[in-house]
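Understanding the architecture of this molecule
Each chain, written out:
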Amino acid sequence: KVDIESSPGAILVKTSYPNAKEGLLNLGAWVSVDYTVMVPSGTALKLSGVNGAVHVAVPASEVSCEVTNGSIRVEGASLLSATTVNGSIHFAVENIREVSSTTGAIEGTVHSLTPSTGKVETVNGTITLSIAKTAAVRIEAENVNGSIRNDLPGLSGEKHSLSGDLNGGGATLSAETVNGGIEITGSGDRVIR
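So, a few notes on the structure that sits alongside this text. Throughout this document, residue positions are counted from 1 along each chain, in the order its sequence is written. Only residues with pLDDT of at least 70 are given local features in this predicted model, and only at 80 or more are side-chain atom pairs given and counted; all residues enter the totals for whole chains, interfaces and linings. Side-chain numbers here rest on the full set of heavy atoms in the structure, without hydrogens or water.

1. Describing the environment of Ser147
Along the chain, Ser147 turns up in the loop between strand E13 (137–145) and strand E14 (148–150). Note: C-alpha distance between Ser147 and Ala105 (42 residues apart in sequence) is 14 Å. In contact with Ser147, other than residues within four places in its own chain, are Gly181 and Ile182. We count a stretch as a helix when DSSP gives it H or I for four or more residues in a row; a strand needs E for two or more, and each element gets its number in order from the N terminus. We call two residues in contact whenever any of their non-hydrogen atoms come within 4.5 Å of each other.

Have a look at this one:
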């Protein structure tokens, strides 16, 4: 069953699955629902799912999403908060608040030249973070197992940590993983792989 509730300032789309006693799941049936939702630029989005991928391409939007078993891909948002347990996260956004995955790689680009404070973290996965070469930001990166690579000037580190101020510094962008490498790169590109 798909329930849609709307008001002038919000829309809620929700899937209600039948329980085993209602018959379908008791017979071994598989139920799946895909949504395509069109919204104007600048819309605030709060998305969640259990099994499946989330893909958002809404310019200037504020995006908050949580997925248990699936990947997250966000392009063009002004601010991103994203969490997945078993899946990767890819983004190309102006700013991040917190991006995390328990088991999955994170690859993203922060476009802002004055990024806000943000954190990228995963437990078992690599992190690839691209920042504009002219951004004024403080970078802090740390892992337990894996390498840390960087092609930005002004950052220094040891085997499992990296920190420093880029272009005089600013708010802190941090990257942390337990098992995986971290790569911090400079970019002017607005493309994600």
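The structure having been displayed, the exposition proceeds.
2. Focus on the pattern of salt bridges
A pairing counts as a salt bridge when a side-chain nitrogen of Lys or Arg comes within 4 Å of a carboxyl oxygen of Asp or Glu. Throughout the structure, instances matching the rule amount to 6 salt bridges. Ionic pairing is found between Asp165 and Arg138, a salt bridge with its closest N-O pair at 3.1 Å. Residue Asp165 is located in strand E16 (residues 161–166), and its partner Arg138 is located in strand E13; the two are separated by 27 residues in the primary sequence. Arg138 sits in the partly exposed class, given a relative accessible area of 24%. One continuous salt-bridge network, built from bridges that share partners, spans Arg138, Glu140 and Asp165. Relative accessibility decides the category of a residue: with a 1.4 Å probe and only protein chains considered, values under 20% of the type maximum give buried, values over 50% give exposed, and everything between is partly exposed.

3. Here we look at the sheet that holds strand E7 (residues 79–86)
At least two bridges found by DSSP between two strands are what make those strands a pair. With respect to topology, 9 strands assemble into an open sheet ordered E3-E5-E7-E9-E11-E17-E13-E16-E15, the strand pairing being mixed. In this open sheet, the two edge strands, each paired with only one partner strand, are strand E3 (44–51) and strand E15 (155–158). The sheet shows a mean angle of 5° between the axes of neighbouring strands, direction not considered. Axes here mean lines fitted to C-alpha atoms, for a helix over just the part in contact, with angles spanning 0 to 180 degrees between N-to-C directions.

4. So, the pairing of strand E5 (residues 62–69)
By the bridge criterion, 7 bridges tie E3 to E5 in an arrangement that is parallel. Bridged to Ala44 within E5 is Glu62. As paired strands, E5 and E7 are joined by 7 bridges and run parallel to one another. Residue pairing for E7: Cys65 is matched across the bridge by Ala82.

5. Some remarks on unusual backbone geometry
The phi angle at Ala60 is positive, at roughly 65°, despite the residue not being glycine. You can see Ala60 is positioned in the loop between strand E4 (54–57) and E5. For Ala60, a relative accessible area of 48% puts it in the partly exposed group. Of note, the phi angle at Asn167 is positive, near 55°, even though the residue is not glycine.

6. Remarks on a nonpolar patch on the surface
Each patch groups residues whose relative accessible area exceeds 30% and which form no salt bridge, using 9 Å between like charges and 5 Å between nonpolar side chains of Val, Leu, Ile, Met, Phe, Trp and Tyr. Here the accessible surface of atoms and residues is derived via Shrake-Rupley with a 1.4 Å probe, and residues count as covered only by protein chains that are part of the display. Judged by side-chain polarity, Val2, Ile4, Ile11, Val13, Tyr35 and Val37 come together as a nonpolar surface patch covering roughly 540 Å² of accessible area. Elements supplying a minimum of two residues to the nonpolar patch: strand E1 (2–7) and strand E2 (10–15). Mapped onto the elements of the fold, Tyr35 is located in the loop between E2 and E3. According to the relative accessible area criterion, Tyr35 is partly exposed, its value standing at 39%.

7. Digging into the sheet that holds strand E18 (residues 182–186)
The 7 strands lie next to each other as E4-E6-E8-E10-E12-E18-E14, forming an open sheet whose pairing is parallel. At either margin of the open sheet sits one strand with a lone partner, and together these are E4 and E14. Mean inter-strand twist for the sheet, computed between neighbouring axes without regard to direction, equals 5°. Relative to strand E8 (residues 89–93), strand E6 (residues 72–75) is paired through 4 bridges, and the arrangement is parallel. Residue pairing in the sheet places Glu75 in a bridge with Ala92 of E8.

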